[in-house]
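Close look at the chain arrangement
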Amino acid sequence: MAESARVYPGLDVTWPGDPAADADEMPDRVLAELDEFGPVAAESVPSGLRVFFGSMEDRDSAATHVRAALACGAEPVDVPDEQWAERSQASLTAVTVGRLTVAPPWDLPADRAGVIVIQPSMGFGTGHHASTRLCLRLLQELSMAGARALDVGTGSGVLAIAARMLGAASVVAVDFDADAVTSARECAELNNISDEIDIRQADIEREPAVRGEPFTLVLANLTGGMLVRMAGRLLQLAVPSATLIVSGVTREEEEAVTRAFADLGAQLDARLSEDEWVGLRFTAPLQAPD
């Protein structure tokens, strides 16, 4: 019997009025409301926003919540993997951020210097989201010589691959999602550095130790809510005065995220923004929090 195509649990969220008129505000409000349900990807659709989740249960709970919280329409959809691949290949092209270019296999530049090849996969970064670009920009401002890097929530592995290409001595990439780990390993292989990045499935909030800790550089492109919750754990994994680069933060979430790290002794060193998204770079305190 032929294996059935994998489907991804999506939620089509619509809101009253003309979606175009609310384009700058409503998508961020929707994503903020859905944060606790673990959305893994989102994309604009003509009627509003399509949000993808790790499970049908999370999707259904999110639908009930967003209908009540924002008086939005929320229609569950199951999206075949083939549809995602087709849309990706139709819309994604190479994007250059500083000295690095993130490119899908079908749009590789002739000059491969500084090129990170990423195979798009549902829910995992391609370099086209502003939060990924902000992390890449902040990363390129650092001297990477001798760095021991940890990429939390690695997704496609783009930040881990970038850290290694920029000169990090060692890179560990973790994600609690098994599909993300598979995606990251495939992308590392595309870039011929499979043996240079330690990619594994792990939930750093539940596991007492991460092999390779403590790290001199921690990368976390997550969500504002997750960063507030995990600030202490991220700092525990870092050496004193380590560098932390975080994004996935909206302007509305920025104050809460900055305060969460500052309350634990971290110092904000740099801030970049693009559209509604913010990237932040901190220096860890001289003593890790308990």
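Being a predicted model, the structure only gives us computed values, none of them experimental.

**What about the side chain of Asn-191?**
One can find Asn-191 in the loop between α6 (178-190) and β10 (198-201). Within the structure, Asn-191 has its side chain in polar contact with the backbone oxygen of Val-117 (distance 2.7 Å). Those residues in contact with Asn-191 that sit more than four places away from it in its chain are Val-115, Ile-116, Val-117 and Ile-161.

**Focus: the sheet that holds strand β6 (residues 100-103)**
The three strands lie next to each other as β5-β6-β7, forming an open sheet whose pairing is mixed. Each end of this open sheet is capped by a strand with a single partner; those strands are β5 (95-97) and β7 (115-117). Pairs of neighbouring strands in the sheet enclose a mean axial angle of 25 degrees, with direction left out of account. Summarising the sheet, β5 and β6 pair through three bridges and their orientation is antiparallel. Looking at the pairing, Val-95 lines up with Val-102 of β6. Contacting β5 and β6, helix α4 (residues 130-139) crosses the sheet at an angle of about 35 degrees to β5. On the sheet, helix α5 (residues 158-165) packs against β6 and β7 and is oriented at approximately 145 degrees with respect to β7.

What counts as what
- Residues numbered from 1 in each chain as written.
- Predicted model: local features only at pLDDT ≥ 70, side-chain atom pairs only at ≥ 80, totals over all residues.
- Heavy atoms only, no water.
- Helix = DSSP H or I, 4+ residues; strand = E, 2+ residues; numbered from the N terminus.
- Polar contact = N/O pair within 3.5 Å; in protein donor to acceptor, adjacent residues only side chain to side chain.
- Contact = heavy atoms within 4.5 Å.
- Pairing = 2+ DSSP bridges.
- Axes fitted to C-alpha atoms, helices over the stretch in contact; angles between N-to-C directions.

These figures come from the coordinates and say nothing about function on their own.
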